[in-house]
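Residue-level listing of the chains:
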Amino acid sequence: MKAVITVTGKDSVGIIAAVSAECAECAVNIVDITQTVLSDYFVMIMLVNIDELKMSFGEFSDKLDLLGKEKGLDIHTMHEDIFNSMHKI
Amino acid sequence: MINTSDILETINMIRQENLDVRTITMGISLFDCVSDDEKRLCDKIYDKITKKAERLVETGCEIEKKYGIPIVNKRVSVTPISIIGGDISPDGYIRVAKTLQRAADTLGINFIGGFSALVQKGMTEGAKRLISVIPEALTETQLVCSSVNVASTKAGINMDAIALMGKAIKRAAYLTRDNNSIACAKLVVFANAPEDNPFMAGAFHGMGEEETAINVGVSGPGVVASAIKRAGDCSLSELAELIKKTAFKITRVGQLVAMEASKKLDVPFGIIDLSLAPTPAVGDSVAHILEEMGLESCGAHGTTAALAMLNDAVKKGGVMASSRVGGLSGAFIPVSEDAGMIDAVEKGALTIEKLEAMTAVCSVGLDMIAVPGDTEEAVICGIIADEISIGVANTKTTAVRLIPAYGKKVGDKVDFGGLLGYAPIIKLNEYSPARFISRGGHIPAPIHSLKN
């Protein structure tokens, strides 16, 4: 099972490191990253594997949400099924 | 990997355009609670609802987290109480309403529907008793919703029941006069009521339904309005295609949530209600979709055509996205719950006559409309009879949820708070239908050949 983590906010040093560290700590493996900076605005979409996730999905999502608040970023974690449902027939 | 633009589109729909799942409604049959003892009946009802829906709210919250989509309401609908209540006393019916409230409090749900009666052809003693105490029951409870089906295309229109409903609406308004006549916002009069509707105030668990079922209502007027805005100047054919595609995406979210809830709760999936349900929030209005389509204001000439197209396109897109469709399915036009409708009424662009015409081509009917507090009972009955006959003649569901706001007159406003929003008092035709209504009896079912 996979999840999509989207991170948006003002660019600063160490955003990817911080999100990756949180993922590693929760046994979440990063599968793919798309990242760009548009005039100081950081946008990242991360596809992660949550098969080995150590906690409930809700707790993982809350952890990243908290990290986002600490760093002044908007972080959303969503199960990949919602994107597959909406955009694939 | 999933396409980046698809991911951003979904997130934008949820964060900026108010896409949400409006409700997960669990239908619960109460047939096995029937008892000749009032206390035992209430105990069985309470036990069954709280047991079956024990994990409903918790599961709703889990799904919300998993998919990152708000699920605004978690609700329960039950078998129409007049059917299982039978010959208990009128006070007994009030006690059942309070039992439903107690169960709703225990579960932490937003509403419970089913304090209902089906009287399209005639009234049982139980139905008469239930209808006689609706005003008190809705005054003494907060989360209980009531509906009465007074007509169907097959049975015709029960005018005696409409007369009783006019009385019930006026009394409910009076009893909750200190609270903007709020009881009327929890009472709806139906023609051709669907048995699997997840939306309040009209939800009940019909007689042909399973023991329990999960019914989901989606929402997303803001998403459709934004898509139309982005499309710019294109033809109506292109617009219809665009609305279909958008409705497909919205409904797929509902289907996903419904399947997940059904699996987690081990309750069969019932239906998806293909709805565009507005809220008073900015950017969540059906009226604004119509305006985005090119009308200067909702209510202008052309509104009925625009709404008919919107409603049809939403159904066409939604049907393909879901394995089972039901409920009210279509665009809702509740005045107080839609910022654009409120504006249109306030500036005089939208009248009750136009609203009535609009209900001929979309879901539901005259919904959440505040009328002067001194409106005569017969006038309320006349409005109900008109709206109900549109449903009966066109083989569709129509409904009436009017609030004769006590002490208020045209130009005043009533504020119900939350999702129910606020409404300007709308002007009514002042001529009386009293003699027509007082005749009572039954309007026969319409013929369905020789169509004109």
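Residues numbered from 1 in each chain as written. Chains lettered and ligands numbered in written order. Predicted model: local features only at pLDDT ≥ 70, side-chain atom pairs only at ≥ 80, totals over all residues. Heavy atoms only, no water.

(A) Quick look at the overall build of chain B. Looking only at helices and strands, chain B features 15 helices and 15 strands. A globule of 452 residues ought to have a C-alpha radius of gyration of about 22 Å, and chain B, at 21 Å, matches this closely. With respect to the three principal axes, the spread of C-alpha positions in chain B is 60 × 50 × 50 Å. Per-residue burial for chain B yields a buried fraction of 61% across its 452 residues. When contacts within chain B are restricted to residue pairs at least 6 apart in sequence, those whose partners lie at least 24 apart make up 78%. Carbon and sulfur atoms provide 51% of the accessible area of chain B, an area that totals close to 17000 Å². Distance from the positive charge centre (47 side chains) to the negative charge centre (53 side chains) of chain B: 2 Å. (Helix = DSSP H or I, 4+ residues; strand = E, 2+ residues; numbered from the N terminus. Rg over C-alpha atoms; globule rule 2.2 N^0.38 Å. Buried < 20%, exposed > 50% of the residue type's maximum accessible area, 1.4 Å probe, protein only. Contact = heavy atoms within 4.5 Å. Areas by Shrake-Rupley, 256 points an atom, 1.4 Å probe, with all protein chains shown as cover. Lys, Arg positive; Asp, Glu negative; His and termini not counted. Charge placed at Lys NZ, Arg CZ, Asp CG, Glu CD.)

(B) How the structure looks around the interface of chain B and chain A. Contacts between the two partners involve 24 residues from chain B, matched on the other side by 24 residues from chain A. When chain B packs against chain A, close to 2200 Å² is buried across both sides, 75% of that on carbon and sulfur atoms. Residues Lys65 of chain B and Asp62 of chain A are paired through a salt bridge, measuring 3.1 Å at the closest nitrogen-oxygen approach. Viewed at the interface, chain A and chain B are joined by seven residue pairs in polar contact (both at pLDDT 80 or more). Of all the secondary structure elements, the ones that give two or more residues to the side of chain B that touches chain A are α1 (4-15), α3 (56-67) and α9 (236-265) of chain B. Counting residues per element, the side of chain B that touches chain A draws most heavily on α1 of chain B, at 10 residues. Among the residues making up the side of chain B that touches chain A, the classes are represented as 14 nonpolar, three polar and seven charged. (Buried area = accessible area lost by both parts, 1.4 Å probe. Salt bridge = Lys/Arg side-chain N within 4 Å of Asp/Glu carboxyl O. Polar contact = N/O pair within 3.5 Å; in protein donor to acceptor, adjacent residues only side chain to side chain. Nonpolar A, V, L, I, M, F, W, Y, C, P; charged D, E, K, R; others polar.)

(C) Structural context of the domain arrangement of chain B. All names here are of chain B. Domains assigned within chain B are domain 1 (25-57 + 73-191) and domain 2 (216-443). Taken together, the 36 residues of domain 1 in the interface contact 41 residues of domain 2. Taking both partners together, domain 1 and domain 2 bury about 3100 Å²; carbon and sulfur atoms supply 67% of that area. Linking domain 1 to domain 2 there are zero salt bridges. Elements with a minimum of two residues in the side of domain 1 that touches domain 2: β4 (144-152), β5 (156-158), α7 (159-175) and β6 (187-191). Of the residues forming the side of domain 1 that touches domain 2, the biggest block, 11 residues, is contributed by α7. (Domains from an automatic or database assignment.)

(D) Fine view of the packing of aromatic side chains. Residue and element names in this part refer to chain B. Taken as a whole and judged by the stated rule, the model has two aromatic pairs over all chains. Ring geometry for Tyr174 and Tyr406: centres 5.4 Å apart, planes at 70 degrees, overall edge-to-face. Highlighted residues: Tyr174 in helix α7 and Tyr406 in the loop between β12 (398-405) and β13 (413-415), separated in sequence by 232 residues. Its relative accessible area of 35% is what places Tyr174 among the partly exposed residues. Relative accessible area serves as the criterion here: at 41%, Tyr406 is assigned to the partly exposed category. The interplanar angle of 80 degrees and the centroid separation of 4.7 Å between the aromatic rings of Phe199 and Phe332 together place this pair among those described as edge-to-face. Of this pair, Phe199 sits in the loop between β6 and β7 (212-219) while Phe332 sits in the loop between β10 (330-331) and α12 (339-346), placing them 133 residues apart in sequence. (Phe/Tyr/Trp six-rings, centres within 6.5 Å; stacked < 30°, edge-to-face > 60°.)

(E) Seen up close, the nonpolar core. Within the largest apolar cluster, 148 residues are counted, with the highest numbers of intra-cluster contacts made by Ile82 of chain A together with Ile49, Val76, Ile81, Phe115, Val150 and Leu310 of chain B. Element by element, the count of residues in this core is highest for α9 of chain B, at 11 residues. Both of domain 1 (25-57 + 73-191) and domain 2 (216-443) of chain B provide at least three residues apiece to this core. Contact partners of Val76 of chain B, with chain neighbours within four places excluded, come to Thr25, Met26, Ile28, Ile49, Ala53, Leu56, Leu107, Ile109, Phe111, Ile112, Gly113 and Met200 of chain B. Membership of the second largest hydrophobic core comes to 21 residues, among which are Ala3, Ile15, Val48 and Leu64 of chain A. (Core = buried A, V, L, I, M, F, W, Y, C linked by side-chain atoms within 4.5 Å.)

(F) Quick look at the pairing of strand β3 (residues 41-49) of chain A. Residue and element names in this part refer to chain A. In terms of burial, β3 is largely enclosed, as seven of its nine residues are buried. Bridging between strand β1 (residues 2-10) and β3 involves nine bridges; their strand directions are antiparallel. Across the sheet, the residue bridging to Thr8 is Val43, located in β3. Alignment of strand β2 (residues 29-38) against β3, held across nine bridges, turns out to be antiparallel. The residue bridging Asp32 from the neighbouring strand is Leu47, located in β3. Hairpin connection from β2 to β3: two residues lie between these consecutive antiparallel strands, with Ser39 at a positive phi of about 35 degrees. (Pairing = 2+ DSSP bridges.)

(G) Looking closely at the environment of Ile30 of chain A. Residues and elements named next belong to chain A. Following the sequence through the fold, Ile30 ends up in strand β2. The spatial distance from the C-alpha of Ile30 to the C-alpha of Val4 is 9.9 Å, given a sequence separation of 26 residues. Those residues in contact with Ile30 that sit more than four places away from it in its chain are Ser20, Met46, Leu47 and Val48.

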